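So the chains spell out like this:
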Amino acid sequence: MIEYTKRTIRIFLVAIVLSAFVPVCIMAADASLQESLNTDAGSEYAQQAVLDVLDLKQIEVLDVLKLISQKSGLNIIASNNVSGRITVYLKDMSVLEVLSVIVDSNGWAYVRENNVIKVMTAKEYESKYGYKFGQEIQTRIVQLIYANTADLVAILNQVRSSSGKVIADEKTGTLILMDESVKLDEMEDIVKRVDVPVETKIFDLSYAKAEGISAKIAEVLSPSLGTMRFDKRSNTVIVSDSKSKIKEVTQIVEAFDKQNKEVLIEAKILQIVLSDEHKMGVDWEAIVSDFHGLSLNNDFDILGPSDKKGHLSIGTIANDDYTVLIEALDTVGVTDILSSPRITTINNEEAKILVGSTEPYVTSTTTTPSSGPTTTAESVNFIEVGVKLYVTPTIHNDGFITMKIKPEISSVTGEVTTSNNNTIPVVETSEAETNVMVKDGVTIVIGGLIKEEKIRTTKKVPLLGNIPFLGNAFKNESDKVSKTEIVLFLTPHIISGDVPAPELDI
């Protein structure tokens, strides 16, 4: 009986001990599980945990986040601006996938910091981290060798996205690029193109002007890398850029810095004093019909429709020589060669021929100051009258020459007396302007430039005709109107300037 009682007491004591030990083990197991979830490995496991079914209708988002937290064991916190009811039905998705769907559908964002997932609005996320939620921002470090960091920062800031950043360290020549992968690739490609060795080349120009060619060079220089300077006095251009750009600039300089071709213009200026039956000028149509080597190309009006004078005729002569043509012109009046100038000009530069005189005239300028005497200053001015010819040749590669021709005939027809007794000449001018294309060595004939002059003839008896008043009985004065036509012969020759010019056989 005593033994039974002792055994019963021992069983009871064991039962009491076990009853106290089991809750402690269960509590220890829960604590161990919670500790494992709080570790990185446990947190990763919880984030990858799959939720079988999540079927919610019009539930407060905070309650949804609480439910997800309870099922996954994750710590989830929402900002004050995250609110509203949501409806969602998801199946067989991980916790992070569920969170991504919910925040993306409602314009929110989330971030994991240590073992806590923070849910916030997209605006809060961008304001805090500097880029939009969902963007994969990467960081790359680029070491520059040749380029200047400030120059590259200016370029890359134009390329980066709104969320990207470009940080420069000028001391070490390092760039820190932060952006999406595509943009980073693009920026690195730009750095490779710009961060190249810079070469400097001096171009001593022989024919081109440094000031003129510099504008063409500036168009091809590398942005923020290439530089150019020119010296007008020495006609030198200094260019610094990459090797490939220096090669391109060299080709440009070689293309423009070439010796200009020249054109020798041989001219014959003829004056025909028209007879009475040819007062309207030379009938060039008739001349053309008689000489097979003379072709009439164009007719150009040189005066308005209300004027009395004629028009400009332009043609070419190739086979017939000048002597035969001049003999034909003798039939319409007295022909005289006024001048035979030869002038050379550079391609595309204007040449000027003047056969005539310079008429002076005086003008007065009166100055009346607020105090002091009035002063009058005289100045002598000059005006050119006669036959003027302006020719601008353009040489083509096929041996043809386009000439911009502007002939002008002027003469003094009277005088005007000003209030200061200054005499100003009245000049009558006929001019035309045209473009003609001819082959090298072909002669252009320009006719139709007519001028009218009044000639006063005085006949008197020697000595008696000079007596004042009484001398009028011993002299006779008459006015005669004379019409003359000016004919121009122009023969252009392309020359290089290093060989004698061809002789014109006239």
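Keep in mind that this is a model prediction, so the values were computed, not measured.

(A) Looking closely at the overall build of the protein. Secondary structure assignment for the protein yields 11 helices and 23 strands. For the protein, the residues scored as buried account for 35% of the 506 residues in total. A fraction of 66% describes how many contacts in the protein between residues 6 or more apart in sequence connect residues 24 or more apart. As presented, the protein carries roughly 30600 Å² of accessible surface, and 52% of it is formed by carbon and sulfur atoms.

(B) Seen up close, the pattern of salt bridges. Using the criterion set out here, one finds 13 salt bridges in the structure. Note that glutamate 186 and lysine 183 form a salt bridge whose closest N and O atoms lie 3.8 Å from each other. Of this pair, glutamate 186 and lysine 183 both sit in helix α7 (residues 181-194), 3 residues apart, roughly one helical turn. A salt bridge links arginine 342 to glutamate 266, with the nearest nitrogen and oxygen atoms 2.1 Å apart. In this pair, arginine 342 sits in strand β16 (residues 342-346) while glutamate 266 sits in strand β12 (residues 262-274), placing the two residues 76 residues apart along the sequence. The class of glutamate 266 is buried, set by a relative accessible area of 1%. Put simply, Glu113, Lys118 and Lys128 are held in one network by salt bridges that share partners.

(C) Quick look at the pairing of β12. Taken across its 13 residues, β12 has 11 buried, putting it largely inside the fold. Taken together, the 5 bridges between β12 and β16 define a ladder with antiparallel strand orientation. Among the inter-strand pairings, glutamate 262 is bridged to a residue of β16, identified as isoleucine 346.

(D) Summary view of the packing of helix α3 (residues 61-72) against helix α4 (residues 95-106). At a closest axis distance of 11 Å, the pairing of α3 and α4 adopts a crossing angle of 170°. Here α3 is positioned roughly antiparallel relative to α4, judged by the angle of their axes. Residues Val64, Leu65, Ile68 and Ser72 of α3 lie in contact with α4, whose contacting residues are Val95, Val98, Leu99 and Ile102. Looking at the contact of α3 with α4 residue by residue, the class counts come to 7 nonpolar, 1 polar and no charged.

(E) Focus on the nonpolar core. In terms of nonpolar packing, the biggest core is built from 23 residues, with Leu54, Ile68, Ile76, Val98, Ile102, Trp108 and Val119 touching the most fellow members. Secondary-structure elements contributing two or more residues to this core are β1 (50-60), α3, β3 (85-94), α4, β4 (108-113) and β5 (116-121). At 5 residues, α4 tops the list of elements feeding residues into this core. By size, the runner-up hydrophobic cluster in this structure holds 22 residues, among which are Ile265, Ala267, Val355 and Val436.

Procedures and definitions
Residues numbered from 1 in each chain as written. Predicted model: local features only at pLDDT ≥ 70, side-chain atom pairs only at ≥ 80, totals over all residues. Heavy atoms only, no water. Helix = DSSP H or I, 4+ residues; strand = E, 2+ residues; numbered from the N terminus. Buried < 20%, exposed > 50% of the residue type's maximum accessible area, 1.4 Å probe, protein only. Contact = heavy atoms within 4.5 Å. Areas by Shrake-Rupley, 256 points an atom, 1.4 Å probe, with all protein chains shown as cover. Salt bridge = Lys/Arg side-chain N within 4 Å of Asp/Glu carboxyl O. Pairing = 2+ DSSP bridges. Axes fitted to C-alpha atoms, helices over the stretch in contact; angles between N-to-C directions. Parallel < 35°, antiparallel > 145°, perpendicular 65-115°, else oblique. Nonpolar A, V, L, I, M, F, W, Y, C, P; charged D, E, K, R; others polar. Core = buried A, V, L, I, M, F, W, Y, C linked by side-chain atoms within 4.5 Å.

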